[in-house]
Amino acid sequence: SASRSACNSKGTMIVVSNRLPFILKRNEKTGELERKASAGGLVTAVAPVVIRGKGLWVGWPGIHLEDPNEKIPESDPNDNTPTAGLLSSKIVPIHAEPALFDSYYNGCCNGTFWPLFHSMPDRATFNADHWRAYVKCNEEFAKKTINALRLLQENKENKNTSPPIVWVHDYQLMLAANWIRQTAEEEDLKCKLAFFLHIPFPPWDIFRLLPWSDEVLQGILGCDMVGFHITDYCLNFIDCCQRNLGCRVDRKNLLVELGGRTICIRPLPIGVPFDRFVSLAEKAKPVLSTNQKIILGVDRLDYTKGLVHRLKAFERLLEKHPEHIEKIVLLQISVPSRTDVKEYQDLKEELDQLVGRINGRFTTPNWSPIRYIYGCVGQEELAAFYRDSSVALVTPLRDGMNLVAKEFVACQIKKPPGVLILSPFAGAGEMMHEALICNPYELDDAAEVIHRALIMPEDERIVRMNHLRRREQLNDVDSWMKSFLKAMDSLEEEADDIGAT
Ligand code: G6P
């Protein structure tokens, strides 16, 4: 069966994502291009499958190359990350004019889709030029993917195996699949097409605000299988297909019909490389020298993460429970992100001021309540933070999944363990029931939940953390990858007649 080929490494996969699994940097002294490996969990799970099946990765290298023929460098010999084995011949870089790419990436992806899909329509801009750039760039990704498919078909090495899986990722590439399908059909290039959305899919009432909503749905429906993190997002998507396009749908079996094809919609909640985090936590040296309990926040600096609300809730805690003064510290790590977008620049300003104000209000000669890091943190140091914190605050206003919650529990190897505080508006909230659930909008309650976490008895912490860790170990990122491959294998069986709506 196809399952043997996919899971036993013969199956070929072409991954299409906005970013390649590494970024290119130009060495200032030598002028040579160098790879900077990405440490993300997704890359950890997907890269080995691409490498094993002699597949390809189509994506943006993170830098504009004046000469589109400039060779992509091989990985550094000391690189021991999963992408090290990804030869440059397997990399298909996207080249786009900087102005076009800016309209696509900063304009449409991050100015329109990101806020809208996180149900924050007031932050979204709808600009026809940005949309046109989005269309053009998606076309460019599709063209490169088609070239890649042609190459694979010509390559004897890949003959007589099951058709390659083309796996398109995320909101930056919601149109690409449709073009790939059409051209592949015209040229008789065999492939199975899949799409996975890493962010929430909003309810119809929000989605319909998008002037180009039909095109987006049709683009995604070019695939054979469409994955989301949780069932709610699947149902939102199905709802939109029915109401916007008039598709026949089957909510029970999660199927959508369009143009005589049946598309499978699947919840595939992503996990983290659990065991890798455990071993990082075992190895990492202590980096926090403090007698106070650490409350940890780790986020990209993004308005969806609820950072302003979080800092205010922490301030409320110090007001309402002054017994914690000089006993606790909030360590907030904010990783710079999308710094060209004004919303992100404004948020950075707001956070800088808020941290200053709260620290100014509560700092004593020997203590400050907030340690604020604006920057990147290495994996090992991060594991030490996760391990040595008493509480993790994962309180986004909206989040597709949120992997920080999962990484934190993986690193909680010390006894007695800490406490996870989690927003119900993160996809992770659907499964991680033993966390303390906290509505980030409700400041008084959020302050109380942090207080509760700080005074929680040891035995309760142990029970909660054991459950959380067991579930995440079982449902780690490799298991996500396997579920995806399994869902692709069972496509033929699913494509039966569509049932009642
Ligand atoms: C989210 C998105 C990813 C994106 C990442 C970082 O996790 O789902 O597609 O790559 O944010 O954002 P950036 O804009 O820097 O790629």
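This report concerns the structure included in the present document. (Residues numbered from 1 in each chain as written. Predicted model: local features only at pLDDT ≥ 70, side-chain atom pairs only at ≥ 80, totals over all residues. Heavy atoms only, no water.)

## With respect to the sheet that holds strand 15 (residues 391-394)
So, point 1. One open sheet holds the 6 strands; their spatial order is 14-13-12-15-16-17, and the pairing between them is parallel. Each end of this open sheet is capped by a strand with a single partner; those strands are strand 14 (370-374) and strand 17 (436-437).
So, point 2. In terms of strand pairing, strand 16 (residues 419-422) meets strand 17 through 2 bridges, oriented parallel. Bridge pairing in strand 17 places Leu422 opposite Ile437. (Pairing = 2+ DSSP bridges. Helix = DSSP H or I, 4+ residues; strand = E, 2+ residues; numbered from the N terminus.)

## Considerations on the packing of helix 12 (residues 379-388) against helix 13 (residues 404-411)
So, point 1. Packing of helix 12 against helix 13 brings their axes to within 8 Å, and their N-to-C directions diverge by 75 degrees. It follows from the interaxial angle that helix 12 and helix 13 lie roughly perpendicular. Across from Leu382, Ala383, Tyr386 and Arg387 in helix 12, the residues of helix 13 making contact are Val404, Glu407, Phe408 and Cys411.
So, point 2. Here the residues of the contact of helix 12 with helix 13 are counted per class, giving 6 nonpolar, no polar and 2 charged. (Axes fitted to C-alpha atoms, helices over the stretch in contact; angles between N-to-C directions. Parallel < 35°, antiparallel > 145°, perpendicular 65-115°, else oblique. Contact = heavy atoms within 4.5 Å. Nonpolar A, V, L, I, M, F, W, Y, C, P; charged D, E, K, R; others polar.)

## Side note on the environment of Asn127
So, point 1. Of note, Asn127 is situated in the loop between helix 3 (98-117) and helix 4 (128-154).
So, point 2. Classification of Asn127 by relative accessible area gives partly exposed; the value is 26%.
So, point 3. Sequence-wise, Asn127 and Gly107 are 20 residues apart; in three dimensions their C-alpha atoms are separated by 8.0 Å.
So, point 4. One polar contact links the side chain of Asn127 to the main-chain amide nitrogen of His130, over a distance of 3.1 Å. (Buried < 20%, exposed > 50% of the residue type's maximum accessible area, 1.4 Å probe, protein only. Polar contact = N/O pair within 3.5 Å; in protein donor to acceptor, adjacent residues only side chain to side chain.)

## Digging into the site of the ligand
So, point 1. Neighbouring the ligand are the residues Arg19, Tyr105, Trp114, Asp170, Tyr171, Gln172, His198, Ile199, Arg300 and Arg338.
So, point 2. Take Arg338: an N or O atom from its side chain is 2.8 Å from an oxygen atom of the ligand.
So, point 3. Taking 370 Å² as the accessible area of the ligand by itself, protein coverage stands at 72%.
So, point 4. Residue composition of the shell around the ligand, grouped by class: 4 nonpolar, 2 polar and 4 charged. (Near = heavy atom within 4 Å. Areas by Shrake-Rupley, 256 points an atom, 1.4 Å probe, with all protein chains shown as cover.)

## Concerning the pattern of salt bridges
So, point 1. Under the definition given, this model contains 31 salt bridges.
So, point 2. A salt bridge links Lys414 to Asp388; the nearest nitrogen and oxygen atoms lie 2.9 Å apart. Here Asp388 lies in helix 12 and Lys414 lies in the loop between helix 13 and strand 16, a separation of 26 residues in the sequence.
So, point 3. The partly exposed category is assigned to Lys414, whose relative accessible area is 41%.
So, point 4. Judged by relative accessible area, which is 19%, Asp388 ranks as buried. (Salt bridge = Lys/Arg side-chain N within 4 Å of Asp/Glu carboxyl O.)

## Section: the environment of Leu151
So, point 1. In this fold, Leu151 is placed in helix 4.
So, point 2. Since its relative accessible area comes to 53%, Leu151 is described here as exposed.
So, point 3. In this structure, the C-alpha to C-alpha distance between Leu151 and Asp340, residues 189 residues apart in sequence, is 36 Å.

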